[in-house]
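For reference, the chains in residue letters:
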Amino acid sequence: MASESDDRVSRKRYEREQRARAEAEKLLEEKSRELFLANKQLSEYSTTLEDAVLDRTAKLRDALEKAEAASTMRSRFVATMSHEIRTPLGGLLGMIDLLATDETDASKLELLKYAKTSGEALNRIVNDVLDFSKMDAGLFVFEEESVDIRALVESVIVLARTNPKGADRSILAKIETAVPKLFFGDATRIRQIISNFVSNALRYSRDGPIIVRVKATPDPKGVLLRVEVEDFGIGIEPDQLDNLFKDFSQISTSLTAAAQGTGLGLAISKRIVEGCGGEIGVDSTPNAGSTFWFELPAEVLATDQATEEDATPIPFDENKASLDGLSVLLAEDNVINQKLLLTYLKRMNVQADLAENGRIAMEKFAPGKYDLILMDVAMPEVDGLDATRQIRAKWDDSDVPPILILTAHVMDAIQDEAASVGVKTVLSKPIPYEELKTAMEVAVGTADLTNTATSSSETANSAKDDKPTVFKLMSDDTVQQLLGTFSSEDLVDLVKRYAIDSRSIVEKMQSLHETNSHTALSAQAHSLKGSSLLLGFVRTAELTREIELNAHTIDNATMAGIVEEISNFLDEVEAKA
């Protein structure tokens, strides 16, 4: 009996242990599964997080690239627009110089002086936009040159009085005797600030005088120059003063709409002054007036030499022109530019040798053969910069004559690239005769730096009423300027060559557009634009400029319309030439 009872107990214990083991195995299996699922979920979360990080990084990188591309595009747009405005400005100023050459009427000379002063000021204002872009990029450079603050203030006042708003206003200059005659500084930037202050005073005041004051106090550097421009206008509310020198900011007043300012002038002025180590500010009382001021530390120049420099300039003597007989290599591919520049060089009594592109220029060059090289930038086969680089690499510096770069673009990139190949002077097309002549004289060391006159005697003979009919298709300013160099017959021949060359370029543009050769299309349009501007065919220049800037996106209908308009215009040119 005992044995049977023991067996029963053992059996129950065994069954109990089996059930416990089964429950433990089940629990272990459940926990293992939970752990497996948790690990799986964690792995999924890790993968998702990694994908999210990669996605976010890619988006940030894409945003950065877009921002950089937008910044680059903005800089290129600003530079291109600056070039497009400066080109006709250069022609305008050149025409004024030609008119002033043979003018003897004092009253007309005074008007021409005002016109040139206005044109030069407008050119500086255009450059404000580039200045602002450079400042944003940290590339702005200040010049160190001798500054005559009295002459500078006078030039600003003369310009202000030509402004319709300044014609009947009293604009006074009060410069203390303690202010040095000459000091080191950036004359262009200082004039820019004063001109901006005076311009704002004219905008925001209707009556009362405008006073330009200049003071000087001792400073460790030499003197602390303080310039003030006071007006008696609307004044500025205290809560608006902080916004004055911010980018694109204008105060809200009854005169703001009429002023039509961009809001950049004071912001640029502030950056200029601070970049020169100075301070800028304003003191203002509402309804009583404002005084804008800036202070700059400046190093004083000795005045003895300055007195000698102020002596009467030596009269111009045509026999002193020492470009006579020089041998010049002209590298230029545009037919119209070739004709113009060769005519200029012939007028200077220079022996010119033409190379139609950079490759030919390199083949023609040899040490001692030329006294000077005029090198265009944009040429087929080998461009001017590369040709210059290869010439300098092949020959010793002593064997290479001075080189002047010619370009239809005035951009920092070209200036920098020219400097990288050892060229300091870059001339912007279209190049006025006197500007080219002076640059050449300086390059070969023959410039008479005291000469302020010109030698042209042909302009007076150009103002004839019986001009060829084709001249009516050209801008009047351009006709007057070109007739200072060409006879009517020669200019008509140049226009005929232009028409032939232009038809060839139009055919190339059509073909390049059909084959989606965008870069080459833009280059051809640029070439035609340059020759059109040179001859004063403004509408054609506008049309080709549209192709140049939009070569990658211009559609078939737009392209066809532009080509048709240019072709019809060339028909008219040929009929009247």
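Every value quoted in this text rests on a predicted model; they were computed, and no experiment measured them.

Colleague: Lay out the overall build of the protein with the relevant residues and their values.
Modeller: Within the protein one finds 17 helices and 12 strands. For the protein, the residues scored as buried account for 40% of the 577 residues in total. The long-range share in the protein, meaning contacts at least 24 apart out of those at least 6 apart in sequence, stands at 69%. Carbon together with sulfur atoms contributes 51% to the accessible area of the protein, which is approximately 31,400 Å² in total.

Colleague: Describe in detail the sheet that holds strand β11 (residues 403–407), supporting the description with residues and values.
Modeller: With respect to topology, 5 strands assemble into an open sheet ordered β9-β8-β10-β11-β12, the strand pairing being parallel. Among the strands making up the open sheet, the edge pair consists of β9 (351–355) and β12 (426–428). Direction aside, the axes of adjacent strands within the sheet are offset by 20° on average. In this structure, β11 lies alongside β12, joined through 3 bridges in parallel fashion. Across the sheet, T407 pairs through a bridge with S428, a residue of β12. On top of the sheet, helix α10 (residues 384–394) reaches β10 (372–376) and β11; it is set at about 145° to β10, its chief contact.

Colleague: Kindly report on the sheet that holds strand β6 (residues 279–285), identifying the contributing residues and their values.
Modeller: Two orientations exist for strands paired in a sheet by backbone hydrogen bonds: parallel and antiparallel. Reading across from one edge, β2-β4-β5-β7-β6 is the order of the 5 strands in this open sheet, with mixed pairing throughout. The two strands at the open ends of the sheet, each matched to only one other strand, are β2 (171–175) and β6. With direction set aside, neighbouring strand axes in the sheet form an average angle of 15°. Where β6 meets strand β7 (residues 289–298), 7 bridges bridge the pair, whose relative direction is antiparallel. The residue of β7 that forms the bridge with V282 is F292. This element, helix α4 (residues 187–203), spans β2, β4 (210–219), β5 (222–231), β6 and β7 of the sheet and lies at about 175° to β7.

Colleague: Provide a residue-level description of the pairing of β11, including the pertinent values.
Modeller: Across a regular strand the side chains alternate sides, sitting on one face of the sheet and then on the other. Across the 5 residues of β11, 5 count as buried, placing the element largely inside the fold. Relative to β11, β10 runs parallel, the two being bridged by 4 bridges. Of the residues in β11, the one forming a bridge with I373 is I403. Assessed by its sense of winding, the connection that carries the chain from β10 through α10 to β11 is right-handed.

Colleague: Which residues make up helix α12 (residues 433–443), and what values do they have?
Modeller: Those residues of α12 lying buried are Y433, E434, L436, K437, A439, M440 and E441. On its buried face, α12 sits against β8 (327–331), α8 (335–347), β10, β11 and β12. Remark: G445 follows α12 within two positions and exhibits a positive phi of approximately 75°.

Colleague: Let's hear about the packing of α4 against helix α6 (residues 265–275): which residues, and what values?
Modeller: Interaxial distance between α4 and α6 falls to 10 Å at its minimum, and their mutual angle equals 145°. Here α4 runs over α6; the crossing is left-handed. Within the contact between the two elements, α4 uses R189, Q192, I193, N196, F197 and N200 and α6 uses G265, L266, I268, S269, I272 and V273. For the contact of α4 with α6, a count of residues per class yields 6 nonpolar, 5 polar and 1 charged.

About the thresholds
The residue numbers shown here count from 1 along each chain, following its written sequence. This being a predicted model, a pLDDT of at least 70 is required before a residue's local features are given, and a value of 80 or more before pairs of side-chain atoms are given or counted; all residues contribute to the totals for chains, interfaces and linings. Heavy atoms throughout the structure, all of them, feed into the side-chain values; hydrogens and water do not. We count a stretch as a helix when DSSP gives it H or I for four or more residues in a row; a strand needs E for two or more, and each element gets its number in order from the N terminus. For every residue, the accessible area obtained with a 1.4 Å probe (protein chains only) is divided by the maximum for its type, and the residue is called buried under 20%, exposed over 50%, and partly exposed between those limits. When checking whether two residues touch, look at their non-hydrogen atoms; a contact exists if any pair is within 4.5 Å. Note on areas: these come from Shrake-Rupley sampling with a 1.4 Å probe, and a residue is covered only by the protein chains present in the view. Any two strands with at least two DSSP bridges between them are considered paired. For helices, the axis comes from a line fit to the C-alpha atoms of the stretch in contact; other axes are also lines fit to C-alpha atoms, and the angle between any two N-to-C directions lies between 0 and 180 degrees. For the handedness criterion, the strands are oriented away from the viewer, and a crossover whose path from the first strand over the helix to the second runs clockwise is classed as right-handed. Note on convention: near helix rotated counterclockwise from far helix by under a right angle means a left-handed crossing. Clockwise means right-handed. When residue character is reported, Ala, Val, Leu, Ile, Met, Phe, Trp, Tyr, Cys and Pro are called nonpolar, Asp, Glu, Lys and Arg charged, and the others, Gly included, polar.

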